[in-house]
Amino acid sequence: MLPVQPAYGQQCGRPIARHAQQPQAPEHPVSEGPSTALSEGLYASLVHPAAPPPIPWWPPAPGWWLVLGLLLLLAMLTPWLVLRWRRRSAIKLRAQQALRDIPTTLTDQQWLTEVNTLLKRLLKQRGDVAATRLYGQQWLDYLCAHYPRPQRRSLEPLAAELYRQTAELTPQQRRELQRELRRWLRHNHV
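Residues numbered from 1 in each chain as written. Predicted model: local features only at pLDDT ≥ 70, side-chain atom pairs only at ≥ 80, totals over all residues. Heavy atoms only, no water.

Engineer: Which residues make up helix α8 (residues 171–188), and what values go with them?
Structural biologist: Counted at 1.5 Å a residue, the expected span for α8 with its 18 residues is 26 Å, and the 26 Å between its end C-alpha atoms agrees. Regarding α8, the residues found buried are Arg174, Glu176, Leu177, Gln178, Glu180, Leu181, Trp184, Leu185 and Asn188. The secondary structure elements touched by the buried residues of α8 are α3 (62–101), α4 (108–126), α6 (136–145) and α7 (152–155). (Helix = DSSP H or I, 4+ residues; strand = E, 2+ residues; numbered from the N terminus. Expected span 1.5 Å × (residues − 1). Buried < 20%, exposed > 50% of the residue type's maximum accessible area, 1.4 Å probe, protein only. Contact = heavy atoms within 4.5 Å.)

So, in structure tokens, the structure goes:
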């Protein structure tokens with residue numbers, strides 16, 4: 001334990017300042033005299049500040065107006081967005097179904113002609129009339145330019161084999177072409 005050093009004033013032989021002295025416990029308990037009763041009377045006669053009025057709930061803060069406006073906008077846009085999404089989904093499904101409905105028993109030339117006709121009909125319905133006039137490599141370039149990571153080799157029969165008198169496709173080429181066309185239809189919303 002450290003020794004207690006005397007206060008600065010005691011070291012110099014001077015009396016200790018009043019504020020530096022440590023308070024000592026009174027020897028006699030403080031009795032309630034007339035001054036205590038007087039202070040209680042004064043305290044009771046004080047006028048206490050009035051409590052503020054409660055915060056009204058109307059009109060709401062500007063942030064609530066913003067939230068309400070966003071909710072109303074969302075409520076108005078939701079039906080339109082849902083209908084738009086359903087229409088696009090229905091168009092995609094019809095296009096996919098039309099591609100599946102092309103009979104596989106057709107000859108390669110007839111099958112390619114049906115696929116090509118289907119694509120151009122869908123593009124015409126969408127309003128892309130200029131694309132319906134394309135053929136050969138230009139048609140293939142158009143198809144490859146309108147969706148990500150096209151497999152040009154899979155789409156090649158639409159440019160090369162379509163205009164030959166005897167087009168010959170292997171079953172693997174047909175499957176690859178159908179797969180690529182399904183991807184193209186999904187991406188192009190036709």
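Engineer: How would you explain the UniProt feature "transmembrane region" (unreviewed entry) in the protein if you had to name every residue and give the values?
Structural biologist: In this numbering, the UniProt entry assigns the feature "transmembrane region" (unreviewed entry) to residues 63–83. Across residues 63–83 one finds 100% helix and 0% strand; the C-alpha atoms that close the span lie 31 Å apart. (UniProt positions renumbered as here; feature names shortened; annotations may be inferred.)

Engineer: Explain the side chain of Arg174 residue by residue, including any values.
Structural biologist: Along the chain, Arg174 turns up in helix α8. Those residues in contact with Arg174, other than ones at most four positions away along the chain, are Thr104, Leu106, Thr107, Asp108, Trp111 and Leu169.

Engineer: Which residues make up unusual backbone geometry, and what values go with them?
Structural biologist: At the junction of Trp58 and Pro59, the peptide bond is cis and its omega measures out at 0° in the coordinates. The topology assignment puts Pro59 in the loop between α2 (34–45) and α3.

Engineer: Residues and numbers for the side chain of Lys120, please.
Structural biologist: When you line up the elements, Lys120 lands in helix α4. Setting aside anything within four residues of it in sequence, one finds Lys120 in contact with Ala131, Thr132, Leu134 and Trp139.

Engineer: Kindly report on the packing of α4 against α6, identifying the contributing residues and their values.
Structural biologist: Angle between the axes and distance between the axes are the two parameters that describe a pair of packed helices. Two elements in contact, α4 and α6, have axes separated by 13 Å at closest approach and are oriented at 60°. By the angle class used here, α4 and α6 are oblique. Handedness of the crossing formed by α4 with α6: left-handed. Of the residues in α6, those touching α4 at Asn116, Leu119, Lys120, Leu123 and Arg126 are Trp139, Tyr142 and Leu143. Taken together, the residues of the contact of α4 with α6 break down into 5 nonpolar, 1 polar and 2 charged. (Axes fitted to C-alpha atoms, helices over the stretch in contact; angles between N-to-C directions. Parallel < 35°, antiparallel > 145°, perpendicular 65-115°, else oblique. Left-handed = near helix turned anticlockwise from the far one by under 90°. Nonpolar A, V, L, I, M, F, W, Y, C, P; charged D, E, K, R; others polar.)

Engineer: For a nonpolar patch on the surface, give the residues involved together with the corresponding values.
Structural biologist: Residues Leu66, Leu70, Leu73, Met76, Leu77, Trp80 and Leu81 make up a contiguous nonpolar surface patch of roughly 740 Å² in combined accessible area. Of the residues examined, Leu66 reaches a relative accessible area of 56% and is grouped as exposed. (Patch = residues over 30% accessible without salt bridge, like charges linked within 9 Å, V, L, I, M, F, W, Y side chains within 5 Å. Areas by Shrake-Rupley, 256 points an atom, 1.4 Å probe, with all protein chains shown as cover. Salt bridge = Lys/Arg side-chain N within 4 Å of Asp/Glu carboxyl O.)

Engineer: Quick rundown of the packing of α3 against α4? Include the residues and the values.
Structural biologist: It is the contact of α3 with α4, at a shortest axis distance of 10 Å, that shows an interaxial angle of 165°. Our classification of the angle between α3 and α4 gives roughly antiparallel. In the packing of α3 onto α4, the handedness of the crossing is right-handed. Residue-level contacts link Ala95, Ala98 and Leu99 of α3 to Val115, Leu118 and Leu122 of α4. Of the residues assigned to the contact of α3 with α4, the class counts are 6 nonpolar, no polar and no charged.

Engineer: Residue-level account of the environment of Arg153, with values.
Structural biologist: In this fold, Arg153 is placed in helix α7. A residue is classified by how much of its surface remains accessible, and Arg153, at 62% relative accessible area, is exposed. Put simply, Arg153 and Leu177 are 24 residues apart on the chain and 8.9 Å apart in space, counted from C-alpha to C-alpha.

Engineer: Summarise the packing of aromatic side chains; cite the residues concerned and give the values.
Structural biologist: Overall, the coordinates contain 3 aromatic pairs when judged by the stated rule. Between Trp139 and Tyr142, the aromatic rings sit 6.0 Å apart at their centres with planes inclined by 10°, giving stacked as the arrangement. Taken together, the residues span about one helical turn, with Trp139 and Tyr142 both in helix α6 at a distance of 3 residues. One aromatic cluster is present, formed by Trp57, Trp58 and Trp65 through successive ring pairs. Here the guanidinium or amino end of Lys120 rests over the ring plane of Trp139, the centre of that ring lying 4.7 Å away. (Phe/Tyr/Trp six-rings, centres within 6.5 Å; stacked < 30°, edge-to-face > 60°. Lys NZ or Arg CZ within 6 Å of the ring centre and 35° of its normal.)

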